[in-house]
Amino acid sequence: MGQLLLHLPPFVMSLLIVATISYALLPSAGWVAVLVWLSSGTLAFHRPTESVLARHLLNLRYPTPRERARLEPIWREVTARAGIEGRAYELWVEESDDLNALAAAGHIVSVTRFSLENLPSGHLAAVLAHELAHHVGGHAWSSLLGEWYGVPGRLAWAAVRSVARLGVKLSRRLNGCLVLFLLLAAGSAVLAFAVSYWVVILAVLVAPYPLAAVARRAELRADQHAAALGFGPLLAEVLQIMHTQEPGNNALAASFAAREETGAFGTIVPAHGVRPGRLGKLLASHPDYHTRMHRLAPYLEPTR
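Because the structure is a prediction, the values reported are computed rather than measured.

Draft legend 1. View of the pattern of salt bridges. Per the counting criterion, the structure on display carries 11 salt bridges. Between Arg 61 and Glu 67 there is a salt bridge, with its nearest N and O atoms 2.8 Å apart. Residue Glu 67 is classed as buried on the basis of its relative accessible area of 12%. The shortest N-O distance in the salt bridge between Arg 68 and Glu 72 comes to 3.1 Å. In this pair, Arg 68 and Glu 72 both sit in helix α5 (residues 65-82), four residues apart, roughly one turn of the helix. The class of Arg 68 is partly exposed, set by a relative accessible area of 28%. Each of Arg 61, Glu 67, Glu 95, Asp 97, Arg 113 and Glu 117 takes part in a single network of salt bridges with overlapping partners.

Draft legend 2. Just the side chain of Arg 292, in detail. By secondary structure assignment, the location of Arg 292 is in helix α15 (residues 289-300). Relative accessible area serves as the criterion here: at 11%, Arg 292 is assigned to the buried category. Among the polar contacts listed, one links the side chain of Arg 292 to the side chain of Asp 223, at a separation of 2.8 Å. Those residues within four positions of Arg 292 in sequence are excluded, and the remaining contacts are His 130, Glu 219, Leu 220, Asp 223, Leu 239, His 286 and Pro 287.

Draft legend 3. Looking closely at the confidence of the model for the chain. Mean pLDDT over the chain stands at 80; residues scoring 70 or higher make up 76%. Low pLDDT, under 50, characterises residues 246-275; the stretch is placed with 46 contacts to residues that sit more than four places away or in other chains.

So, how was this worked out
- Residues numbered from 1 in each chain as written.
- Predicted model: local features only at pLDDT ≥ 70, side-chain atom pairs only at ≥ 80, totals over all residues.
- Heavy atoms only, no water.
- Salt bridge = Lys/Arg side-chain N within 4 Å of Asp/Glu carboxyl O.
- Buried < 20%, exposed > 50% of the residue type's maximum accessible area, 1.4 Å probe, protein only.
- Helix = DSSP H or I, 4+ residues; strand = E, 2+ residues; numbered from the N terminus.
- Polar contact = N/O pair within 3.5 Å; in protein donor to acceptor, adjacent residues only side chain to side chain.
- Contact = heavy atoms within 4.5 Å.
- pLDDT = per-residue confidence, 0-100.

Right under this line is the structure:
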C-alpha cells in the first residue's frame, strides 16, 4: 500500500493528461475514456493479459517439458514450506545468460535459462522463494499498477522532449522566426499546465527517491521471507556468488557445482567492489550486497 501511495503523483499527472485529451477529443463523452483508462488496471490480474505481458513486454517464454520437469518439484517444495498453493502462479523462463529471476504482475514467476541450467536445486529454490515473497508481499502487482498508470505521464514527457529536439533540427533548415514561434506556442502550453499543477509536478519529480527506498526495503523483506522458510544460507551463497562473479561467467557454474558436490558452503567474506555515487545509491532499486548480508545474518547463525 505504501508503494501504491508513492505512485499517486505520477497517477494524478497521468489522470490529468488523459482527462485533458479525452475531453478535448470527446467533449460530451470524455468521462467514458477516463473511466476506461481507470478500469484498465484490472487487466494486470487477468491471466491471458498477463501472458501477453510476459511474452511481449518481459520477453518470457513457457518452460520446455525438460525445464518444467526440473522447475515444478523445486517450486512445490518452496510453496509447501510457505503454505501456499503453487498452482496459483505460473512459471516462466527468460532466455538470458544472466543469473536472475523476477516476479511480475499477479501470478508470474520467472527464472533465466542460465539460472535454471546452472544453479543447484537448493540455490534455485532459494531464488524462487525470494520471488514468491514479492508476490506474498504484494510488491509485484503494486509495482505493475504504478508503472501502468504512469504511462501517459511518461509518454507526455517523451513527446515534449521530442518536440524540443525537432525544433532544434528545424531551426537549422527553416526560418528561425517560424520555429521560434512554434516553440513558444508549445512551451506556453506546457508552462500553463505546469503552473496550474505545479504541486503534482513537484511530487512527480521527488517521487523516484522514496519509491527506490521502498523497492530496496521490499528486496530486504523478500530476502528475509526466503530465509524464514529455511533458505537463508543458500540465498546468502547466491548473493555472494553474484557479488563476486560476473553473470554468465563459467566460474559461477563451476563454483556452484563444486560446492554442491562437496557439501561445503564457505564463510561469507565481504568483497570490495565499486560503489555507486550518492545519487545512484538513492535511486537504486536493490540494496547493496553488504546490507543484504547484514539483514540475513541472523538466519545464518548455526542452531544450537
